[in-house]
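# Chains, contacts and geometry: an overview
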Amino acid sequence: MEIEQMKVGFMEVFCYIVACPRTKHALVIDPAGDEERIVARITQRDLNLQYIVNTHGHGDHTCGNAKVKELTGAKIIMHELDDQMFNYGSGSMMARQWGFTPSPPADITVKDGDTIGVGDASLTVIHTPGHSPGGICLLGDGNLFSGDTLFVGGIGRTDLPGASIDQFMKAIRERLLTLPDNTIVWPGHDYGVSPSSTIETEKKTNPWIRQ
Ligand SMILES: [Zn+2]
Ligand SMILES: [Zn+2]
């Protein structure tokens, strides 16, 4: 599984291109701006983009969905709860009010335990609600794409609509901190500490979860 990290958009979101080196099939996680640059990179690497996967439905992570889908024909995948909350009616309006292009409804919705495959690479969905109802992390080959759930040295906000601090801490403790220590953490934003981390480092140093 090949992983390429790109920092995109004015919210400094980390977008990831995950590809199978054998088949050249690929998916993109959170194409959150700079869509042309993302698609140019995919073309340059001769990849065949199958899916746009969102860690959650917030506009800062989904604002590039429409454009990337238009340019590549890739299908949008999101947890069913965030699809319902953010991609229709008032949810789309909220994205617009915050200055983001809303995402079209998901083509495929997922839930906990589902897998998303591209060639030989596959990612398992871990439902980690709390930052948003349908927030997910994606685990594959010892890599965790943690969206706005777990950051390097931080965790996501719990003061937005649909958030829950209790659900969030439970999900982080029971679903993420129980992963092998050497699991690589690829966060959803660049907060300047380090572009990636490990579960072991976060358990030892993240002030929000240090035990
Ligand atoms: Zn968010
Ligand atoms: Zn975010």
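Just above, that's the structure.
Residues numbered from 1 in each chain as written. Chains lettered and ligands numbered in written order. Predicted model: local features only at pLDDT ≥ 70, side-chain atom pairs only at ≥ 80, totals over all residues. Heavy atoms only, no water.

## Considerations on the pairing of strand β4 (residues 48–53)
Two elements, strand β3 (residues 25–29) and β4, share five bridges in a ladder whose sense is parallel. Counterpart to A26 in the pairing with β4 is L49. Note on the crossover from β3 through helix α1 (residues 35–44) to β4: the handedness is right-handed. Inspection of the sheet shows β4 paired to strand β5 (residues 75–79) by three bridges, in the parallel sense. What sits directly across from I52, in β5, is I76. (Pairing = 2+ DSSP bridges. Helix = DSSP H or I, 4+ residues; strand = E, 2+ residues; numbered from the N terminus. Right-handed = clockwise from strand over helix to strand, strands pointing away.)

## Thoughts on the pattern of salt bridges
What the rule picks out here adds up to 15 salt bridges. Here R45 and E4 are joined by a salt bridge, their closest N and O atoms 2.6 Å apart. Highlighted residues: R45 in the loop between α1 and β4 and E4 in strand β1 (residues 2–8), separated in sequence by 41 residues. Accessibility expressed as a relative area gives 15% for R45, which makes it buried. (Salt bridge = Lys/Arg side-chain N within 4 Å of Asp/Glu carboxyl O. Buried < 20%, exposed > 50% of the residue type's maximum accessible area, 1.4 Å probe, protein only.)

## Thoughts on the sheet that holds strand β2 (residues 13–19)
Hydrogen bonds between backbone atoms are what pair the strands of a sheet, whose relative direction is either parallel or antiparallel. The mixed open sheet is built from six strands, whose spatial order is β1-β2-β3-β4-β5-β6. In the strand order of this sheet, the two ends are held by β1 and β6 (108–110), each with one partner. Averaged over all pairs of adjacent strands, the angle between strand axes in this sheet comes to 25°, irrespective of strand direction. Where β1 lies against β2, seven bridges are found, and the strand directions are antiparallel. Across the sheet, residue V8 finds its bridge partner in β2, namely V13. Lying on the sheet, α1 is in contact with β1, β2, β3 and β4; it crosses β1 at an angle near 155°. Contacting β3, β4 and β5, helix α3 (residues 65–72) crosses the sheet at an angle of about 160° to β4. (Axes fitted to C-alpha atoms, helices over the stretch in contact; angles between N-to-C directions. Contact = heavy atoms within 4.5 Å.)

## Observations regarding unusual backbone geometry
The backbone of K24 shows a phi angle near 70°, a positive value even though the residue is not glycine. With respect to the helices and strands, K24 occurs in the loop between β2 and β3. Of note, the phi angle at D141 is positive, near 55°, even though the residue is not glycine. Positionally, D141 belongs in the loop between β9 (136–140) and β10 (143–147).

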